Amino acid sequence: GGAAAGAGLEVVREGEAHRRYLAVYDRVVRFPGGREVAWDVVGHPPSFAYAAVLPFHSGGAGGEVTLVREWAQGPNRWVFGLPTGCFDGQRHASLEACARAELSEEAHLRGGSWYALLPPEHPGLAEVKWGLNKMHPFLVVDPERDPNPAPRDPEEALLETERVSVARLQELVLGGEMLMPSVSATLHALHRLRQLGLLGAAGSAGLL
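Residues numbered from 1 in each chain as written. Predicted model: local features only at pLDDT ≥ 70, side-chain atom pairs only at ≥ 80, totals over all residues. Heavy atoms only, no water.

What follows deals with the state of the cysteines. Here the structure, examined in full by the defined rule, presents 0 disulfides. Among the cysteines around C86, which has no disulfide bond, C98 carries the closest sulfur, lying 7.3 Å off. By relative accessible area, C86 is classed as partly exposed at 27%. (Disulfide = S-S within 2.5 Å. Buried < 20%, exposed > 50% of the residue type's maximum accessible area, 1.4 Å probe, protein only.)

Now the structure itself:
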(Lines give C-alpha, C1' and ligand atoms only; values in the text may rest on other atoms or scores of the structure.)
Protein backbone atom coordinates (compact mmCIF):
# COMPACT_ATOMS: atom_id res chain seq x y z
CA GLY A 1 0.00 0.00 0.00
CA GLY A 2 0.92 3.69 0.13
CA ALA A 3 2.52 3.42 3.57
CA ALA A 4 4.74 0.55 2.48
CA ALA A 5 5.83 2.53 -0.57
CA GLY A 6 6.85 5.49 1.58
CA ALA A 7 3.88 7.77 0.86
CA GLY A 8 2.50 9.80 3.74
CA LEU A 9 -0.99 9.61 5.16
CA GLU A 10 -3.55 12.31 4.48
CA VAL A 11 -3.33 15.17 6.99
CA VAL A 12 -6.93 16.11 7.74
CA ARG A 13 -6.11 19.16 9.85
CA GLU A 14 -3.25 20.59 11.86
CA GLY A 15 -2.89 23.46 14.30
CA GLU A 16 -0.23 24.84 16.61
CA ALA A 17 -0.92 23.92 20.23
CA HIS A 18 2.14 25.44 21.93
CA ARG A 19 5.33 27.30 21.04
CA ARG A 20 8.41 28.30 22.97
CA TYR A 21 11.80 26.93 21.94
CA LEU A 22 9.95 24.12 20.17
CA ALA A 23 6.48 24.13 18.66
CA VAL A 24 3.90 21.40 19.29
CA TYR A 25 1.30 20.77 16.61
CA ASP A 26 -2.01 18.92 16.91
CA ARG A 27 -2.07 16.86 13.71
CA VAL A 28 -5.00 14.68 12.66
CA VAL A 29 -4.33 12.08 9.95
CA ARG A 30 -6.60 9.67 8.13
CA PHE A 31 -5.62 6.01 8.21
CA PRO A 32 -6.47 3.58 5.40
CA GLY A 33 -10.11 2.67 5.89
CA GLY A 34 -11.05 6.18 6.97
CA ARG A 35 -10.22 6.19 10.71
CA GLU A 36 -8.87 9.56 11.92
CA VAL A 37 -6.12 9.66 14.56
CA ALA A 38 -4.72 12.71 16.40
CA TRP A 39 -1.00 13.04 17.15
CA ASP A 40 1.38 15.45 18.86
CA VAL A 41 4.04 16.53 16.36
CA VAL A 42 7.04 18.57 17.53
CA GLY A 43 9.58 20.69 15.70
CA HIS A 44 11.73 23.80 15.64
CA PRO A 45 10.16 26.31 13.23
CA PRO A 46 10.43 27.82 10.79
CA SER A 47 12.81 25.61 8.78
CA PHE A 48 12.70 22.36 10.81
CA ALA A 49 16.20 21.76 9.42
CA TYR A 50 19.51 21.70 11.25
CA ALA A 51 23.12 20.78 10.65
CA ALA A 52 25.56 18.69 12.69
CA VAL A 53 29.28 18.51 11.94
CA LEU A 54 31.95 16.06 13.08
CA PRO A 55 35.34 17.85 13.37
CA PHE A 56 38.08 15.30 12.62
CA HIS A 57 41.78 15.92 13.31
CA SER A 58 44.03 13.63 11.28
CA GLY A 59 47.39 12.30 12.37
CA GLY A 60 48.41 10.21 15.33
CA ALA A 61 46.96 6.77 15.98
CA GLY A 62 43.76 6.97 13.96
CA GLY A 63 42.93 10.63 14.46
CA GLU A 64 40.85 12.54 17.00
CA VAL A 65 37.47 14.24 17.12
CA THR A 66 36.31 17.41 18.86
CA LEU A 67 33.05 16.90 20.74
CA VAL A 68 30.87 19.24 22.74
CA ARG A 69 29.70 18.29 26.22
CA GLU A 70 26.48 19.93 27.29
CA TRP A 71 23.62 19.69 29.71
CA ALA A 72 20.53 18.08 28.19
CA GLN A 73 17.31 19.44 29.62
CA GLY A 74 15.20 16.32 28.96
CA PRO A 75 17.23 13.65 30.78
CA ASN A 76 18.70 16.39 33.02
CA ARG A 77 22.27 15.16 32.66
CA TRP A 78 25.48 15.88 30.83
CA VAL A 79 25.83 14.32 27.40
CA PHE A 80 28.19 14.46 24.43
CA GLY A 81 27.34 15.62 20.95
CA LEU A 82 28.63 17.29 17.82
CA PRO A 83 28.48 21.00 17.03
CA THR A 84 24.84 21.34 15.96
CA GLY A 85 22.44 24.12 15.18
CA CYS A 86 19.24 25.10 13.40
CA PHE A 87 19.25 26.45 9.88
CA ASP A 88 17.97 30.01 9.64
CA GLY A 89 17.41 31.29 6.12
CA GLN A 90 17.94 34.88 7.27
CA ARG A 91 21.36 34.07 8.78
CA HIS A 92 22.69 31.19 6.72
CA ALA A 93 23.18 30.99 2.96
CA SER A 94 23.13 27.20 3.07
CA LEU A 95 23.13 24.23 5.41
CA GLU A 96 26.93 24.10 5.15
CA ALA A 97 27.07 27.76 6.18
CA CYS A 98 24.94 26.80 9.18
CA ALA A 99 27.36 23.98 10.04
CA ARG A 100 30.35 26.31 9.71
CA ALA A 101 28.70 28.85 12.02
CA GLU A 102 28.02 26.18 14.65
CA LEU A 103 31.58 24.88 14.38
CA SER A 104 32.86 28.36 15.21
CA GLU A 105 30.28 29.06 17.90
CA GLU A 106 30.31 25.77 19.77
CA ALA A 107 33.75 24.26 19.08
CA HIS A 108 35.75 27.46 18.38
CA LEU A 109 37.07 25.93 15.14
CA ARG A 110 37.07 27.07 11.52
CA GLY A 111 38.29 26.10 8.05
CA GLY A 112 39.33 22.60 7.08
CA SER A 113 38.12 20.36 4.26
CA TRP A 114 34.34 20.02 4.21
CA TYR A 115 32.14 17.10 3.15
CA ALA A 116 28.35 17.03 2.97
CA LEU A 117 27.34 13.51 4.03
CA LEU A 118 23.97 13.42 2.26
CA PRO A 119 23.16 13.96 -1.43
CA PRO A 120 22.01 17.52 -2.24
CA GLU A 121 18.45 16.36 -2.92
CA HIS A 122 18.13 14.49 0.40
CA PRO A 123 15.42 15.95 2.68
CA GLY A 124 17.47 15.27 5.81
CA LEU A 125 17.46 12.56 8.47
CA ALA A 126 14.35 12.40 10.63
CA GLU A 127 15.19 13.16 14.26
CA VAL A 128 12.41 11.11 15.88
CA LYS A 129 9.21 9.59 14.49
CA TRP A 130 7.00 12.27 16.08
CA GLY A 131 9.28 15.16 15.12
CA LEU A 132 9.39 17.51 12.15
CA ASN A 133 13.10 18.28 12.50
CA LYS A 134 15.50 16.91 9.87
CA MET A 135 19.26 16.68 10.42
CA HIS A 136 21.92 17.24 7.74
CA PRO A 137 25.31 15.76 8.73
CA PHE A 138 28.69 17.17 7.71
CA LEU A 139 32.32 16.21 8.16
CA VAL A 140 35.19 18.66 8.43
CA VAL A 141 38.77 17.40 8.31
CA ASP A 142 41.58 19.28 10.05
CA PRO A 143 39.85 22.51 11.09
CA GLU A 144 41.97 25.09 12.88
CA ARG A 145 41.35 27.10 16.02
CA ASP A 146 39.10 30.08 15.43
CA PRO A 147 40.71 33.15 17.06
CA ASN A 148 37.42 35.07 16.83
CA PRO A 149 34.64 32.54 17.37
CA ALA A 150 31.01 33.50 17.06
CA PRO A 151 29.34 34.12 20.44
CA ARG A 152 27.41 31.24 21.96
CA ASP A 153 23.71 31.50 22.69
CA PRO A 154 22.78 32.14 26.35
CA GLU A 155 21.51 28.57 26.81
CA GLU A 156 24.94 27.30 25.73
CA ALA A 157 26.77 28.93 28.64
CA LEU A 158 27.60 25.56 30.21
CA LEU A 159 28.83 23.98 26.97
CA GLU A 160 32.37 22.58 26.98
CA THR A 161 34.55 20.99 24.29
CA GLU A 162 36.59 17.82 24.53
CA ARG A 163 38.98 16.26 22.03
CA VAL A 164 38.86 12.46 22.03
CA SER A 165 40.27 9.53 20.09
CA VAL A 166 38.10 7.69 17.57
CA ALA A 167 38.15 4.70 19.93
CA ARG A 168 36.82 6.89 22.75
CA LEU A 169 34.20 8.33 20.40
CA GLN A 170 32.90 4.83 19.73
CA GLU A 171 32.82 4.07 23.46
CA LEU A 172 30.64 7.14 24.02
CA VAL A 173 28.28 6.08 21.23
CA LEU A 174 27.96 2.50 22.46
CA GLY A 175 27.64 3.63 26.08
CA GLY A 176 24.62 5.82 25.35
CA GLU A 177 26.46 9.00 26.32
CA MET A 178 25.87 10.77 23.00
CA LEU A 179 22.65 12.34 21.72
CA MET A 180 21.03 10.30 18.96
CA PRO A 181 21.25 12.86 16.13
CA SER A 182 24.98 13.11 16.83
CA VAL A 183 25.21 9.31 16.80
CA SER A 184 23.66 9.26 13.32
CA ALA A 185 25.98 12.01 12.08
CA THR A 186 28.95 10.18 13.61
CA LEU A 187 28.10 6.98 11.73
CA HIS A 188 27.92 8.88 8.44
CA ALA A 189 31.20 10.68 9.17
CA LEU A 190 33.10 7.54 10.16
CA HIS A 191 31.94 5.86 6.97
CA ARG A 192 33.23 8.78 4.90
CA LEU A 193 36.51 8.90 6.81
CA ARG A 194 37.02 5.22 6.10
CA GLN A 195 36.33 5.87 2.39
CA LEU A 196 38.90 8.69 2.47
CA GLY A 197 41.47 6.40 4.11
CA LEU A 198 41.95 8.80 7.04
CA LEU A 199 41.25 6.51 9.98
CA GLY A 200 44.23 4.19 9.72
CA ALA A 201 44.38 0.72 11.25
CA ALA A 202 43.99 1.97 14.83
CA GLY A 203 41.05 4.22 14.05
CA SER A 204 39.29 1.54 11.99
CA ALA A 205 39.58 -1.16 14.65
CA GLY A 206 36.09 -2.11 15.77
CA LEU A 207 34.61 0.64 13.62
CA LEU A 208 30.88 1.09 14.08
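In this structure the tally under the stated criterion is 2 aromatic pairs. Residues Y25 and F48 carry aromatic rings whose centres are separated by 6.2 Å and whose planes lie at 65° to one another, so their mutual orientation is edge-to-face. Of this pair, Y25 sits in strand β2 (residues 23-30) while F48 sits in the loop between β3 (36-43) and β4 (49-57), and the two are 23 residues apart along the sequence. We classify Y25 as buried; its relative accessible area is 10%. (Phe/Tyr/Trp six-rings, centres within 6.5 Å; stacked < 30°, edge-to-face > 60°. Helix = DSSP H or I, 4+ residues; strand = E, 2+ residues; numbered from the N terminus.)

Taken as a whole, the largest pocket encloses approximately 1,400 Å³ of empty space. Along the wall of the largest pocket there are 40 residues; nearest its centre are Y21, E70, Q73, E127 and L179. Of the residues belonging to the lining of the largest pocket, the class tally is 20 nonpolar, 10 polar and 10 charged. Taken as a whole, the second largest pocket encloses approximately 460 Å³ of empty space. Along its surface, the second largest pocket is lined by 17 residues, and R27, V29, W39, V41 and K129 are the ones closest to its centre. (1 Å grid on protein atoms, 1.4 Å probe; cavity = no way out; pocket = protein on both sides within 12 Å on 5 of 7 lines; lining within 4 Å. Points joined across faces, edges and corners; volume = space filled by probe spheres on them. Nonpolar A, V, L, I, M, F, W, Y, C, P; charged D, E, K, R; others polar.)

Note that an α-helix has 3.6 residues per turn; residues three or four places apart therefore point the same way. Within the span of helix α2 (residues 166-174), buried status applies to V166, L169, Q170, L172 and V173. All buried residues of α2 project into a common sector of 160° when viewed along the axis, lining one side. G176 occupies a position one or two residues after α2 and carries a positive phi of about 70°. (Arc of directions from axis to C-beta.)

At a minimum axis separation of 11 Å, α2 and helix α3 (residues 180-196) run at an interaxial angle of 145°. As for how α2 packs across α3, the hand of that crossing is left-handed. Contacts between α2 and α3 involve V166, L169, Q170 and V173 from the former and V183, T186 and L190 from the latter. Looking at the contact of α2 with α3 residue by residue, the classes come out as 5 nonpolar, 2 polar and no charged. (Axes fitted to C-alpha atoms, helices over the stretch in contact; angles between N-to-C directions. Left-handed = near helix turned anticlockwise from the far one by under 90°. Contact = heavy atoms within 4.5 Å.)

Moving on, we get to the pairing of β4. Burial analysis of β4 places 9 of its 9 residues in the buried class, which makes it a mostly covered element. Across the two faces of β4 the burial is the same, with A49, A51, V53, P55 and H57 and Y50, A52, L54 and F56 all buried. Bridge count between β4 and strand β11 (residues 134-141): 8 bridges; the pairing is parallel. Its bridge partner being in β11, Y50 is matched across the sheet by M135. Two strands pair when backbone bridges link them, and β4 and strand β5 (residues 64-72) are joined in this way by 2 bridges, in the antiparallel orientation. (Pairing = 2+ DSSP bridges.)

According to the stated counting rule, one finds 10 salt bridges in the structure shown. With a closest N to O distance of 3.8 Å, R69 and E160 form a salt bridge. Taken as a pair, R69 in strand β5 and E160 in strand β13 (residues 160-165) lie far apart in primary sequence, 91 residues in all. When its relative accessible area of 27% is taken as the criterion, R69 is described as partly exposed. Residue E160 is classed as partly exposed on the basis of its relative accessible area, which comes to 42%. Close ionic contact of E144 with R110 constitutes a salt bridge, the shortest N to O distance being 2.8 Å. With E144 in strand β12 (residues 144-145) and R110 in strand β8 (residues 109-110), this residue pair connects regions lying 34 residues apart in the sequence. (Salt bridge = Lys/Arg side-chain N within 4 Å of Asp/Glu carboxyl O.)

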